[in-house]
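Results of the structural survey
In case you want the letters, here they are:
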Amino acid sequence: MQKDVFKGLFSPENKKMRSNVFLALMAGILLLAAGKSFSSFGGDAPEVSSQEERTETAIGNDGETEKRMAEILSKIEGAGQVDVMLTYRRTEEKTVARDEVREESYTEDGGKTSESLRVENTAILTEDKSGNTSPLILSETSPEVEGVVIVAEGGGDATVCAALNQAAQALLDVPAHKIAVLKMK
């Protein structure tokens, strides 16, 4: 049956059918070529580079963790008013996706060849439903706490100190020797 279709397609009577098949194939090839040129927006599509931009937030600049921790620790029996200070080994880091566009040009002038290279790095941006743009974040690392100082009204009582120390260990995953519990004046 397939041989009959191909045989019939190339017979002299089906000249119109052959031209229609040829036109359909050409239209498909043209659509593929046009689709590739539109996807690059008129130029070479930039490659996502392996270069990453790291942005860091200031150490403890918002103090939100310290405030929340002081609020929780002040609820421990005998602790009274509590102040907390955290120090960080590493701050929060965000890795931003980057586009890298490289342009190389060669010129010849009187037998001399010169070449120039221009590299342009730009952050890849995303847009939300309301039209706000922000950089595309590849990865995010949370800050790592190095040490804790807890100053409490009840810091003179050994039982309260032990409870505050234990709570700080549980909240921040910091070893006991990196936590200092002191009596408030």
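Model, not experiment: these values are computed from the prediction.

For the rest of this paragraph, the subject is the environment of alanine 162. Structurally, the position occupied by alanine 162 is in helix α4 (residues 158-172). What makes alanine 162 partly exposed here is its relative accessible area of 45%. In sequence terms alanine 162 and valine 181 are 19 residues apart; their C-alpha atoms lie 8.5 Å from each other.

One pass over the full model with this rule turns up 3 salt bridges. Residues arginine 89 and glutamate 146 are paired through a salt bridge, measuring 2.8 Å at the closest nitrogen-oxygen approach. A residue pair is termed long-range when its members are at least 10 positions apart, and arginine 89 in strand β3 (residues 82-90) and glutamate 146 in strand β10 (residues 144-152) qualify at 57 residues. The exposure class assigned to arginine 89 is partly exposed, which follows from its relative accessible area of 48%. Connected through shared salt-bridge partners, Arg89, Glu144, Glu146 and Lys178 make up one network.

Ranked by size, the top nonpolar core spans 20 residues in total, and within it Met69, Val84, Leu86, Val148, Ile150 and Leu164 carry the most contacts. Listed by contribution, the elements that provide at least two residues to this core are α3 (64-73), β3, β10, α4 and β11 (179-183). The dominant element in this core, judged by the number of residues it contributes, is α4, at 5 residues. Sequence-distant contacts of valine 84, that is, excluding residues within four places in its chain, are made with Glu66, Met69, Ala70, Leu73, Val148, Val149 and Ile150.

The subject of this paragraph is the sheet that holds β11. Read from one edge of the open sheet, 3 strands run β3-β10-β11, paired in mixed fashion. The open sheet is flanked by β3 and β11, the only strands paired with a single partner. On average, each strand axis in the sheet is tilted by 15° relative to the strand beside it, whichever way the strands run. Two strands pair when backbone bridges link them, and β10 and β11 are joined in this way by 5 bridges, in the parallel orientation. When the bridges of β11 are listed, alanine 152 appears paired with lysine 183. Contacting β3 and β10, α3 runs over the sheet at an angle of about 140° to β3.

Cut-offs used in this document
- Residues numbered from 1 in each chain as written.
- Predicted model: local features only at pLDDT ≥ 70, side-chain atom pairs only at ≥ 80, totals over all residues.
- Heavy atoms only, no water.
- Helix = DSSP H or I, 4+ residues; strand = E, 2+ residues; numbered from the N terminus.
- Buried < 20%, exposed > 50% of the residue type's maximum accessible area, 1.4 Å probe, protein only.
- Salt bridge = Lys/Arg side-chain N within 4 Å of Asp/Glu carboxyl O.
- Core = buried A, V, L, I, M, F, W, Y, C linked by side-chain atoms within 4.5 Å.
- Contact = heavy atoms within 4.5 Å.
- Pairing = 2+ DSSP bridges.
- Axes fitted to C-alpha atoms, helices over the stretch in contact; angles between N-to-C directions.

Nothing here speaks to function; it is all geometry.
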